[in-house]
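Chain residues, written in single-letter form:
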Amino acid sequence: MRTIFVVLFIILYVSANELTYMVAVHQQMGYCQHISAGDLCWTNRIIMAIPCVWYCGWLIGVALFAFSLFGLLHATIGWVLTIPTLNIDDEYKIIRHTDMECGLLIPTNIICLVFTVLSFFFAPFRSAIQVLGFTNIIIVIVSVLVIGFIVRGIVLRKVS
């Protein structure tokens, strides 16, 4: 049961943070027309900070929260999720896609909140470290950062 919650945490962490990152980017570009989108993004980030600390402990949990807050998660692995929308040239399609992303914010916040509450009952504190091991988590995080930057650099050179 603990392993399932750790895997769900990783999937939810990546997908929720990528969603909030893309909504924030589209809002900054002027495509997001929903006034509450920024508040919903911040709510999601605050909700996701709690399971980061719960599953990984204080040190790694705060580091994971900082990775998502400063866009390092998007820069390393999250950008892969945006590949299908890279070739959209029509402004109407971008706005429609942004509206869909904004529409996903409330269900994502509810799912994150329910997952966070359930985690307190079904997963012990620092369960990701218990499942994967402290050293392995550090190795995975550093590997993802390095490999993600290298792959992104290669893809950007090939595309440009």
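We now turn to the structure provided with this report. The residue count restarts for each chain, going from 1 along the sequence in the order it is written. pLDDT decides what is reported in this predicted model: residues at 70 or higher carry local features, side-chain atom pairs at 80 or more are listed and counted, and totals for whole chains, interfaces and linings draw on all residues regardless. Note: side-chain values were computed over all heavy atoms of the structure, leaving out hydrogens and water.

## Some remarks on the side chain of histidine 26
Inclusion rule: Working definition: helices are DSSP H or I runs of at least four residues, strands are E runs of at least two. Numbering for both runs from the N terminus. Any residue under 20% of the maximum accessible area for its type is buried, any over 50% is exposed, and the rest in between are partly exposed; the area is computed with a 1.4 Å probe on protein chains only. When checking whether two residues touch, look at their non-hydrogen atoms; a contact exists if any pair is within 4.5 Å.
Looking at where histidine 26 falls in the secondary structure, it is placed in helix H1 (residues 2-29). With a relative accessible area of 10%, histidine 26 lands in the buried category. Beyond its immediate chain neighbours, meaning those up to four positions away, histidine 26 contacts Tyr31, Cys32, His97, Thr98 and Glu101.

## Here we look at the packing of aromatic side chains
What counts, and what does not: Side-chain rings of Phe, Tyr and Trp, where Trp is taken by its six-membered ring, are said to pair if the distance between their centres is within 6.5 Å; with planes under 30 degrees apart they count as stacked, over 60 as edge-to-face, and otherwise as tilted.
In total, this model carries seven aromatic pairs according to the counting rule given. Look at tyrosine 55 and phenylalanine 115: their rings are 5.8 Å apart centre to centre, the planes differ by 10°, and that puts the pair in the stacked class. Residue tyrosine 55 is located in helix H2 (residues 37-69), and its partner phenylalanine 115 is located in helix H4 (residues 91-122); the two are separated by 60 residues in the primary sequence. For the pair shown, tyrosine 55 and phenylalanine 115 are each scored as buried.

## Some thoughts on the nonpolar core
So the rule is basically this: Residues belong to one nonpolar core when they are buried, are Ala, Val, Leu, Ile, Met, Phe, Trp, Tyr or Cys, and are joined through side-chain atoms within 4.5 Å.
In terms of nonpolar packing, the biggest core is built from 24 residues, with Phe9, Tyr13, Tyr55 and Leu64 touching the most fellow members. Of all the elements in the fold, those that place two or more residues in this core are H1, H2, H4, helix H5 (127-132) and helix H6 (134-159). Here the element with the most residues in this core is H2; it accounts for eight residues. Leaving out residues up to four positions away in the same chain, tyrosine 55 has contacts with Phe5, Val6, Phe9, Phe115, Ser119, Ala123, Arg126, Ser127, Ala128 and Ile129.

## Considering the packing of H1 against H2
Axes are the key here: two packed helices are described by the angle between their axes and the distance separating the axes. Short version of the rule: Axis definition: a line fitted to C-alpha atoms, over the contacting stretch in the case of helices. Angles run 0 to 180 degrees between N-to-C directions. Reported orientations rely on four angle classes, namely roughly parallel under 35 degrees, roughly antiparallel over 145, roughly perpendicular from 65 to 115, and oblique for the rest. Definitions for this section: a left-handed crossing has its near helix turned counterclockwise from the far helix by less than a right angle. A right-handed crossing has that turn clockwise. Any residue that is not Ala, Val, Leu, Ile, Met, Phe, Trp, Tyr, Cys, Pro, Asp, Glu, Lys or Arg is counted as polar, Gly included; the first ten are nonpolar and the last four charged.
With their axes 9 Å apart at the nearest point, H1 and H2 run at an angle of 140° to one another. By the angle between their axes, H1 is oblique relative to H2. For H1 against H2, the interelement crossing comes out left-handed. Looking at the contact of H1 with H2, its residues break down into 19 nonpolar, six polar and one charged.

## A short note on the environment of phenylalanine 149
For phenylalanine 149, the position within the fold is in helix H6. Given the relative accessible area of 40%, phenylalanine 149 is considered partly exposed. When the C-alpha atoms of phenylalanine 149 and alanine 75 are compared, they prove to be 6.9 Å apart, with 74 residues separating the residues in sequence. Contacts of phenylalanine 149, omitting those with residues within four sequence positions, involve Leu72, Ala75 and Thr76.

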